[in-house]
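Chain and residue survey
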Amino acid sequence: QVQLVESGGGLVQAGGSLRLSCAASGRTFSSLSVAWFRQAPGKEREFVSRISWSGSTTRYYYADSVKGRFTISRDNAKNTVYLQMNSLQPEDTAVYYCAAGGWGMVASEYNYWGQGTQVTVSS
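Cut-off values and rules
Residues numbered from 1 in each chain as written. Predicted model: local features only at pLDDT ≥ 70, side-chain atom pairs only at ≥ 80, totals over all residues. Heavy atoms only, no water. Disulfide = S-S within 2.5 Å. Helix = DSSP H or I, 4+ residues; strand = E, 2+ residues; numbered from the N terminus. Buried < 20%, exposed > 50% of the residue type's maximum accessible area, 1.4 Å probe, protein only. Core = buried A, V, L, I, M, F, W, Y, C linked by side-chain atoms within 4.5 Å. Contact = heavy atoms within 4.5 Å.

A short note on the state of the cysteines
In total, this model carries one disulfide according to the counting rule given. Each sulfur of the disulfide joining Cys 22 and Cys 98 lies 1.8 Å from the other. Note on the Cys 22 and Cys 98 pair: the S-S dihedral is about -65 degrees, so by sign convention the disulfide is left-handed. Remark: Cys 98 occurs in strand β9 (residues 94–100) and Cys 22 occurs in strand β3 (residues 18–25); sequence separation between them is 76 residues. Judged by relative accessible area, Cys 22 falls into the buried class, the value being 0%. Take Cys 98: its relative accessible area is 0%, and that puts it in the buried class.

Topic: the nonpolar core
Side chains of nonpolar character tend, in soluble globular proteins, to be buried together. Counting 34 residues, the largest nonpolar core has Leu 4, Trp 36, Phe 70, Leu 83, Met 85 and Tyr 96 as the members making the most contacts within it. Of all the secondary-structure elements, those providing two or more residues to this core are β3, β4 (34–39), β5 (46–54), β7 (70–75), β8 (80–85), β9 and β11 (117–122). Element by element, the count of residues in this core is highest for β9, at five residues. Apart from residues lying up to four places away in sequence, Met 85 is in contact with Gly 16, Ser 17, Leu 18, Leu 20, Arg 69, Phe 70, Tyr 96 and Val 119.

Limitation: the analysis is restricted to geometry and does not speak to function.
Here's what the structure looks like:
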């Protein structure tokens, strides 16, 4: 079993930055891939980014809408995955969720979810 806790959300002006954190307990990240999804009001939950690793190889995946602006990273010693978000735009406003136990870009593939953290970008 894995428990995920997100933090780092908030209100920021367009062009600003935030760093989200996803801390895991109950099981380490060492054998999981971790993804970030987001859900805006009235919209479906959408894939944002994913990090996966096997041995010394780490792979990074990004939605086209955030490529070049967002960076996903991990700190296994802290059992934490980060999402650095730069050049934020109002359309990035959403609740951001951390997910684990899956390997794709579809929310239903993931078994473990955090409670979400709100990101609001003002214009």
